[in-house]
Amino acid sequence: MQDVNAAPVAFVDEATTPDAALTRYQVTNPAYRYWAPDAAITVKKNGEVITGGFVLERVGGYVVFAAPLLETDVVTVSGEALTMVQAGGLAKWSVETDAEHADATTFASGGWKEFKQAGVSWSGSCEGFWGDELFFDGLGKVVALKLYADQPAGLCFEGYALINGDGIKVQVNALVEESINFQGVGKLYPRW
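Just so it is clear, the structure is predicted and the values come from calculations on it, not from any experiment. Starting afresh in each chain, residues are numbered from 1 along the sequence in its written order. A pLDDT threshold of at least 70 governs which residues receive local features in this predicted model, and a stricter bar of 80 or more applies before side-chain atom pairs are shown or counted, although totals over entire chains, interfaces and linings include all residues. Side-chain measures here rest on the full set of heavy atoms in the structure, leaving out hydrogens and waters.

A short note on the nonpolar core
Where we set the bar: Put simply, a nonpolar core is a bunch of buried Ala, Val, Leu, Ile, Met, Phe, Trp, Tyr and Cys residues held in one set by side-chain atoms that sit within 4.5 Å of each other. Burial classes: relative accessible area under 20% of the type maximum marks a residue as buried, over 50% as exposed, and values in between as partly exposed (1.4 Å probe, protein chains only). Only runs of H or I of at least four residues qualify as helices and only runs of E of at least two qualify as strands under DSSP, and these elements are numbered from the N terminus.
Membership of the largest hydrophobic core comes to 16 residues, with the highest contact counts inside it found for Phe11, Trp35, Val43, Val63, Phe65 and Val77. Looking at this core, the element that brings in the most residues is strand S8 (residues 75-81), giving three residues.

What follows is the structure, given as structure tokens:
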């Protein structure tokens, strides 16, 4: 987890590693894989700046090309990255996704209601043992989250989220527990 308002670290012409299909290029250095949401990211192919034919996945540090590149192509990126920190002793988390639909019924609908997708969102919560004030200090802030389904490798989910709730529960002769609620900001990415 990292507050996206924390001072980012600049990086210049960092190498990327392509997937087998030569369409997804991830920053090779793990220290630069979480790009600040508002930071300008410069992508170069073979030393020349390019501005189209790709999208950025700022969470995870990916440049995703619409068409495969050549094996000989070298992709580098420059910009600003957030420094991720392990947050607490989380033991349980959940994420819910929601597709919102708007009524699009017209007189030509023949009496049947019609709907169009209006948006997609995600939110969730996590619980664990209280370790420090990191989540409490993050209340009301957008943070980068990486939620593991199988630690240390395997499936995880990454995205930016707004911390909108933090509860601390204390009981005699027990560990202090913490529950955190968050609302996704932008896309949630499953990673394998």
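A closer look at the pairing of S8
Threshold: DSSP bridges decide pairing: two strands pair if at least two such bridges lie between them.
Across the seven residues that make up S8, a large majority, six, are buried. With five bridges connecting them, strand S2 (residues 9-18) and S8 associate as antiparallel partners. Directly across from Phe11, in S8, lies its bridge partner Gly79. Here strand S4 (residues 42-45) pairs with S8 via four bridges, running antiparallel. Looking at the pairing, Lys44 lines up with Thr76 of S8.

Regarding the environment of Ala104
The following threshold applies: Any two residues whose heavy atoms approach within 4.5 Å are treated as being in contact.
Checked against the element boundaries, Ala104 lands in the loop between strand S9 (89-103) and strand S10 (115-129). Given a relative accessible area of 21%, Ala104 falls into the partly exposed group. Placed ten residues apart in sequence, Ala104 and Glu114 show a C-alpha to C-alpha distance of 5.1 Å. Filtering out sequence-adjacent residues up to four positions away, Ala104 remains in contact with Ser109, Glu114, Phe115 and Lys116.

Quick word on the state of the cysteines
Put simply, the rule is: Cysteine sulfur atoms that pair up within 2.5 Å are treated as a disulfide.
Per the stated rule, a full pass over the model turns up zero disulfides. No disulfide involves Cys126; its sulfur sits 15 Å from that of Cys156, the nearest cysteine. Looking at Cys156, the relative accessible area reads 4%, which means it is buried.

A few points about the pattern of salt bridges
As a reminder of what qualifies: Whenever a carboxyl oxygen of Asp or Glu lies within 4 Å of a side-chain nitrogen of Lys or Arg, that contact is scored as a salt bridge.
Summed over the entire model, instances satisfying the criterion amount to seven salt bridges. We note a salt bridge from Asp13 to Lys44, for which the minimum N-O separation is 3.3 Å. Placement of Asp13 in strand S2 and of Lys44 in strand S4 is noted, with a sequence separation of 31 residues between them. Asp103 is paired through a salt bridge with Lys113; the nearest N and O atoms lie 3.1 Å apart. On the criterion of sequence distance, the pair formed by Asp103 in strand S9 and Lys113 in the loop between S9 and S10 is long-range, its members being ten residues apart.

By themselves, these figures tell us nothing about what the structure is for.
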